[in-house]
Amino acid sequence: MTLPAALLSRPLACLALLAAAALGCDRAGRAAGPAPAPPGAAQAAAPGGAAPAADGGATPAMQAADGGAAPAALAADAAAPAAGIAPLRADAPFVELPVDGFPSAVVSVPIGATARRPVLIASHGNYDRPEWQCQVWRDIAGGDAFILCPRGVARSDSPSATDVRFTYESNARLEQEIDAGLAALRARFPEHVDPGAVLYTGFSLGAIMGSAIAARRASLFPRLVLVEGGHDKWTPATARAFAEGGGQRVLFVCAQAGCGAAAKAAAARLEKAGVLTRVVRSREAGHRYDGPVAEETRGALSWAIEGDARW
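Note that the coordinates shown come from a computational prediction; the quantities given were computed from them, not determined experimentally.

Engineer: Help me understand the pattern of salt bridges in this model?
Structural biologist: Side chains that differ in charge, positive against negative, can pair when their charged atoms come close. Across all of its chains, the model carries 14 salt bridges by this definition. For Glu 175, the salt bridge goes to Arg 216, with nearest N and O atoms at 2.8 Å. Of this pair, Glu 175 sits in helix H3 (residues 171-188) while Arg 216 is found in helix H4 (residues 205-216), placing the two residues 41 residues apart along the sequence. One exposure class covers both Glu 175 and Arg 216, and it is buried. Here Asp 179 and Arg 217 are joined by a salt bridge, their closest N and O atoms 3.1 Å apart. Here Asp 179, found in helix H3, pairs with Arg 217, found in the loop between H4 and strand S8 (223-227); they are 38 residues apart in sequence, far enough to count as distant. With relative accessibility at 7%, the residue Asp 179 sits in the buried group. Through salt bridges that share partners, Glu 175, Asp 179, Arg 216 and Arg 217 make up one connected network.

Engineer: Got a minute to help me understand H3 in this structure?
Structural biologist: Along an α-helix, residues three or four positions apart point the same way, because every turn accommodates 3.6 residues. Compared with an ideal rise of 1.5 Å per residue, which puts 18 residues at 26 Å, H3 spans 25 Å between its outermost C-alpha atoms and is within 8% of the ideal. Of all 18 residues in H3, 13 are buried, a share of seventy percent or more.

Engineer: Honestly, empty space enclosed by the protein in this entry has me stumped. Any pointers?
Structural biologist: Picture a little ball the size of a water molecule; that probe, rolled over the atoms, points out where space is still empty. This structure, assessed with the given rule, holds two cavities of 30 Å³ or more. What the second largest cavity holds in volume is close to 30 Å³. Lining the second largest cavity are Gln 133, Val 136, Trp 137, Ile 140, Val 227, Tyr 289 and Thr 297. Here the element with the most residues in the lining of the second largest cavity is helix H2 (residues 130-141); it accounts for four residues. When grouped by side-chain class, the residues that make up the lining of the second largest cavity number five nonpolar, two polar and no charged.

Engineer: What is the right way to read the pairing of strand S4 (residues 146-149) from this model?
Structural biologist: It is a general feature of regular strands that their side chains alternate between the two faces of the sheet. Across the two faces of S4 the burial is the same, with Phe 146 and Leu 148 and Ile 147 and Cys 149 all buried. Note: strand S3 (residues 119-123) against S4, three bridges, orientation parallel. Of the residues in S4, the one forming a bridge with Val 119 is Phe 146. Of the crossover connections in this fold, the one passing from S3 over H2 to the parallel S4 is right-handed.

Engineer: So what exactly am I meant to see when it comes to the state of the cysteines here?
Structural biologist: Here, the word disulfide means a covalent bond between the sulfur atoms of two cysteines. Following the criterion strictly, the structure yields two disulfides and no others. A sulfur-sulfur distance of 2.1 Å marks the disulfide that ties Cys 134 to Cys 149. Between Cys 134 and Cys 149, the disulfide has an S-S torsion of 105 degrees and is therefore right-handed. One end of the pair, Cys 134, is in helix H2; the other, Cys 149, is in strand S4, with 15 residues separating them in the sequence. For Cys 149, a relative accessible area of 0% gives the class buried. In this model, Cys 254 is linked to Cys 259 through a disulfide, with the two sulfur atoms separated by 2.0 Å. Judged by the sign of its S-S torsion, about -60 degrees, the bond between Cys 254 and Cys 259 is left-handed. Across the pair, exposure class does not vary: Cys 254 and Cys 259 are buried alike. What connects to what in the chain, once the bonded cysteines are numbered by sequence position, is 1-2, 3-4.

Conventions we followed
Residues numbered from 1 in each chain as written. Predicted model: local features only at pLDDT ≥ 70, side-chain atom pairs only at ≥ 80, totals over all residues. Heavy atoms only, no water. Salt bridge = Lys/Arg side-chain N within 4 Å of Asp/Glu carboxyl O. Helix = DSSP H or I, 4+ residues; strand = E, 2+ residues; numbered from the N terminus. Buried < 20%, exposed > 50% of the residue type's maximum accessible area, 1.4 Å probe, protein only. Expected span 1.5 Å × (residues − 1). 1 Å grid on protein atoms, 1.4 Å probe; cavity = no way out; pocket = protein on both sides within 12 Å on 5 of 7 lines; lining within 4 Å. Points joined across faces, edges and corners; volume = space filled by probe spheres on them. Nonpolar A, V, L, I, M, F, W, Y, C, P; charged D, E, K, R; others polar. Pairing = 2+ DSSP bridges. Right-handed = clockwise from strand over helix to strand, strands pointing away. Disulfide = S-S within 2.5 Å.

The structure is reproduced here in structure tokens:
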């Protein structure tokens, strides 16, 4: 199914009025207003709402959707172009992907691809939308990879029935949703999806939960891009677990001074464990992932994927 253009029009950040939902921001009490829409952007719309949810914290590791096979073991074969693959066809660059047991995800597809392409997970923040996250990340990473944007659950306090916002119930539930989304993506594009390691990116709540997931699933998520969040989860123990599990690189992107300071502290713990890190700051722009923050992310992405021939 092709997504309506109106759903892909405006990135946002957490709203200041949602102080009670501060888990969606990188630090309690630091929620900011929505990011300005780009010129000519239309208001996004979506169907109904559901009960709000909160971060349930870390849980034991789960099996990957592909039956537990280590993605790293598949990387060498996956990097080689597959012979005889027809160009990937889609009616539009963004498609809706039904996901077993979860609401549909949004996917940016590499139209015209004739070889297996890597996957980037883009997890949104609290009171956010996967359509906005997917649009911004396609602008950052380009159209040569699959960008899978999990939806999460609708918030009952969304602005209206035509402007529904989403959150994630817990990092364990998000982990399950990502596994189910990857399985659905591979089933829909079996010849084009690379079966190897996945680049995980997250904003705010998506970064917070992604850090916990990656610490126990480093072979699947060895490289991370964490925007305005996720730094507080990197204790010496989780940093060691990530490194020992195959974690390679973590890029922190910040638009606020508080985020930058906390990210540097987290980076030091990761570096001590043997993980390469980098912290980049945009100009002071508030709690957001578009605009100047996206520009800084685009400039640093080459570092995050350096050495991975699939990109």
